[in-house]
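Okay, here's what each chain looks like letter by letter:
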Amino acid sequence: MVRPLSQEDLEGLAELMRWMDGEPSRGILAPEGRTPEELALELSGSRAWVAEEEGRILGYVALEPFWEGGLLEGPILQKPIPELLEPPLRLARRERLFPLYAFPFEANRDVRRLLEEQGFAPQHTTYFFGIDPHTVEASTLPGLELKDELDPEVYREVYRACEDWSLRLSWSDEELLEHFAEGAYLWLAYERGQPVGLIELEPFGEGYEIAYVGVIPQARKRGIGRALIAQAAQKARALGARLLRVRAHDHEKEAQALFRRLGFAELESVVTYTRD
């Protein structure tokens, strides 16, 4: 039976989350909580559904707004239950939450097959890498200056030069300043007074994540990316982190190669699915 999530389901949902954690091939974007109490706080007010069979919670999915559309948290499924997607899809149609996103692990073939049967299409794969920041060697370059001061206009200039698109380009100066004042860190790289790159470091679980690192095209392959990553690793060490994480999309071959040369190991890969 598929029905809305209730308070009485939280113990069974916590058990389902532990089941998912037991095997990488079951992974998907999911709640962070792992106890009934944590899930109660996290999912308060959420629009979520469960699949129940003989008193056991065998499936979970939630619908959330995301950018100009929506996203599915889950589905987490112990067995194929296509009808679990019917309530969030109906609600997404009613509220026009499209495009609708889902983020299963690349190895989660059962859920990927279900999503494709429901009209979702894969867009790209994101690879996540990790390293103990204590093992990252220091790296400096003559003439390269790293500043930990946010200049919103310089930030946008570098971002535009590195990326075709970024959500943060639409942020106001106040939103950027607030973001980097709440536990996130930023360094802008300059050569001879000209901005050439940037790196962002954010808390992630019990460690830290390089949320973004970029070097403008004309300054690449000179060691600037390596120096920026070394700076972020130094900060992560000072903050007591044992894990430093970074991501790269499937088309970013040079970034993937750099991370591997620096000793990062691949942790997981996530496929972005969308449905219009």
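1. Description of helix α4 (residues 109-117)
Thought 1: Looking at α4, one finds that the buried residues are Val111, Arg112, Leu114 and Leu115. Viewed end-on, α4 has its buried residues packed into an arc of 160 degrees, placing them on one side of the element. The exposed residues of α4 that point more than 90 degrees off its buried face are Arg109, Asp110 and Glu117.
Thought 2: Along its buried surface, α4 packs onto β4 (69-77), β5 (100-102) and β12 (265-275).
Thought 3: The positive-phi residue at the C-terminal boundary of α4 is glycine 119, with phi of around 95 degrees.

2. With respect to the nonpolar core
Thought 1: Within the largest apolar cluster, 43 residues are counted, with the highest numbers of intra-cluster contacts made by Leu198, Ile210, Ile224, Ile229, Leu244 and Phe264.
Thought 2: Of all the secondary structure elements, the ones that give two or more residues to this core are β6 (121-131), α5 (152-162), β8 (185-191), β9 (194-204), β10 (207-215), α7 (224-238), β11 (244-249) and α8 (253-261).
Thought 3: If you tally residues by element for this core, the top one is α7, at seven residues.
Thought 4: Beyond its immediate stretch of four places on either side in the chain, isoleucine 229 contacts Ile199, Ile210, Leu258, Phe259, Leu262 and Phe264.
Thought 5: Among the nonpolar cores identified, the runner-up in size contains 38 residues, and Val50, Tyr60, Ile76 and Leu85 belong to it.

3. Topic: helix α1 (residues 10-21)
Thought 1: End to end, α1 covers 16 Å across 12 residues, agreeing with the expected 16 Å (1.5 Å per residue, within 8%).
Thought 2: Buried-residue contacts for α1 involve α2 (36-42), β3 (56-66) and β4.

4. Concerning the sheet that holds β12
Thought 1: Spatial ordering of the open sheet is given by β1-β2-β3-β4-β5-β12-β6-β11-β10-β9-β8-β7, a layout of 12 strands whose pairing is mixed. Of all strands in the sheet, those with a lone pairing partner are β1 (2-4) and β7 (144-147), marking the two edges. Averaged over all pairs of adjacent strands, the angle between their axes in this sheet comes to 25 degrees, without regard to strand direction.
Thought 2: In this structure, strand β2 (residues 47-53) lies alongside β3, joined through seven bridges in antiparallel fashion. The partner of arginine 47 across the bridge, within β3, is leucine 63.

5. Details of the side chain of glutamate 200
Thought 1: Along the polypeptide, glutamate 200 turns up in strand β9.
Thought 2: Apart from the residues lying within four places of it in its own chain, the contact partners of glutamate 200 are Tyr155, Tyr159, Arg168, Phe180, Tyr185, Leu186, Glu209, Ile210, Ala211 and Tyr212.

6. Quick notes on the environment of glycine 33
Thought 1: Note on placement: glycine 33 falls in the loop between α1 and α2.
Thought 2: For glycine 33, a relative accessible area of 5% puts it in the buried group.
Thought 3: Separated by 218 residues in the primary sequence, glycine 33 and histidine 251 have C-alpha atoms spaced 32 Å apart.
Thought 4: Every residue in contact with glycine 33, bar those within four places of it in the chain, is listed here: Met17, Glu38, Leu39 and Glu42.

7. Quick look at the side chain of glutamate 191
Thought 1: Mapping glutamate 191 onto the fold places it in strand β8.
Thought 2: Polar side-chain contacts of glutamate 191 include one of 2.3 Å to the side chain of arginine 222.
Thought 3: In contact with glutamate 191, not counting residues within four places along its chain, are Gly143, Leu144, Val196, Arg222 and Ile224.

The rules behind each value
Residues numbered from 1 in each chain as written. Predicted model: local features only at pLDDT ≥ 70, side-chain atom pairs only at ≥ 80, totals over all residues. Heavy atoms only, no water. Buried < 20%, exposed > 50% of the residue type's maximum accessible area, 1.4 Å probe, protein only. Helix = DSSP H or I, 4+ residues; strand = E, 2+ residues; numbered from the N terminus. Arc of directions from axis to C-beta. Contact = heavy atoms within 4.5 Å. Core = buried A, V, L, I, M, F, W, Y, C linked by side-chain atoms within 4.5 Å. Expected span 1.5 Å × (residues − 1). Pairing = 2+ DSSP bridges. Axes fitted to C-alpha atoms, helices over the stretch in contact; angles between N-to-C directions. Polar contact = N/O pair within 3.5 Å; in protein donor to acceptor, adjacent residues only side chain to side chain.

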